[in-house]
Amino acid sequence: QVRLVESGGGLVQPGGSLRLSCAASGSIFSINAMGWYRQAPGMQRELVASVTRGGIANYADSAKGRFTISGDNAKNTVSLQMNSLKPEDTAGYYCYLDGRHVGGDPRRYWGQGTQVTVSS
């Protein structure tokens, strides 16, 4: 069993910053990548950022220059530093892990989500 727990969401004013964190625990055999999706009401799910075990990061165009994703292989965690936040960033943010638990096949695991609201 692999469990992902997100934290760091909340209410912030436009132009402000938040740092989201995701911690993976359980019987993890291997991790290929971790990242963040977001979904706003009435909108499709969007990949915000991802980072591979080797440290290669990718960002949605809307996040480039404002967000930074970082992973810690030793701790099985990933963080998303979000700066210059805009109201359009308001969404539920969901952490994912591409990997496998001990005795399992490769798959994508999901966290429960954390809400980010950008409003004055």
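Calculation notes
Counting restarts for each chain: residues are numbered from 1 in the order of the written sequence. This being a predicted model, a pLDDT of at least 70 is required before a residue's local features are given, and a value of 80 or more before pairs of side-chain atoms are given or counted; all residues contribute to the totals for chains, interfaces and linings. Side-chain descriptors were evaluated using all non-hydrogen atoms of the structure, hydrogens and water having been removed beforehand. Only strands joined by at least two bridges in the DSSP assignment are considered to pair. Here a strand is any run of E in DSSP of at least two residues, a helix any run of H or I of at least four, and the numbering for each starts at the N terminus. Centre distance within 6.5 Å is the pairing criterion for rings of Phe, Tyr and Trp, where only the six-membered ring of Trp is used; planes under 30 degrees apart are then read as stacked, over 60 as edge-to-face, and the remainder as tilted. Remark: exposure states derive from per-residue accessible area (1.4 Å probe, protein chains only) relative to the maximum for the residue type, with buried under 20%, exposed over 50%, and partly exposed in between. Distance and angle both matter: a charge sits over a ring if NZ of Lys or CZ of Arg is within 6 Å of the ring centre and within 35 degrees of the ring normal. Axis angles are defined between N-to-C directions and span 0 to 180 degrees, where every axis is a line fitted to C-alpha atoms and, for a helix, only to the segment in contact. Buried and open spaces are told apart on a 1 Å grid over the protein atoms alone, a cavity being a set of points where a 1.4 Å probe fits but cannot get out and a pocket being an open set with protein on both sides within 12 Å along at least five of seven lines. Residues with an atom within 4 Å of a point are the lining residues. Grid points are joined across faces, edges and corners, and a volume is the space filled by probe spheres set on the points. Residues were grouped as follows: Ala, Val, Leu, Ile, Met, Phe, Trp, Tyr, Cys and Pro as nonpolar; Asp, Glu, Lys and Arg as charged; and all remaining residues, including Gly, as polar.

Chemist: Describe the pairing of strand S5 (residues 46-52), listing the residues and the values that go with them.
Modeler: The pairing of strand S4 (residues 28-39) with S5 spans six bridges and is classified as antiparallel. Of the residues in S5, the one forming a bridge with Tyr37 is Leu47. Hairpin connection, S4 to S5: the antiparallel pair is bridged by six residues, and Gly42 has positive phi, about 75 degrees. Here three bridges tie S5 to strand S6 (residues 57-59), and the two strands are oriented antiparallel to one another. Each residue of the ladder has a partner; that of Ser50, found in S6, is Asn58. Linkage of S5 to S6, two consecutive antiparallel strands, is achieved through a turn of four residues, within which Gly55 is found at a positive phi near 95 degrees.

Chemist: Can you lay out the packing of aromatic side chains for me, pointing to particular residues and giving the numbers?
Modeler: Following the criterion strictly, the structure yields three aromatic pairs and no others. Taking 5.9 Å as the distance between ring centres and 50 degrees as the angle between the ring planes, the aromatic pair formed by Tyr96 and Trp110 counts as tilted. Of this pair, Tyr96 sits in strand S9 (residues 91-101) while Trp110 is found in strand S10 (residues 107-110), placing the two residues 14 residues apart along the sequence. Trp110 gets classed as partly exposed once you look at its relative accessible area, which sits at 33%. Each member of the aromatic cluster is reached from another via a ring pair, and the members are Tyr37, Tyr96 and Trp110. Against the face of Tyr109 rests Arg107, its NZ or CZ located 4.2 Å from the ring centre.

Chemist: Any details on the sheet that holds strand S8 (residues 77-82)? Residues and values, ideally.
Modeler: One open sheet accounts for four strands, arranged S1-S3-S8-S7; its pairing is antiparallel. Each end of this open sheet is capped by a strand with a single partner; those strands are strand S1 (2-7) and strand S7 (67-72). Strand-to-strand twist in this sheet, taken as the mean axis angle between neighbours without regard to direction, amounts to 15 degrees. In the sheet, S7 pairs with S8 via six bridges, with the strands oriented antiparallel. Across the sheet, Asp72 pairs through a bridge with Thr77, a residue of S8.

Chemist: Got a sec to walk through the layout of surface pockets? Specific residues and values, please.
Modeler: Looking at the largest pocket, its volume works out to about 220 Å³. What lines the largest pocket is a set of 15 residues, among which Ile31, Arg53, Asp72, Asn73 and Asn76 lie closest to the centre. Counting only elements with at least two residues in the lining of the largest pocket, the list comes to S4, S5 and S7. Its residues assigned to classes, the lining of the largest pocket shows six nonpolar, seven polar and two charged.

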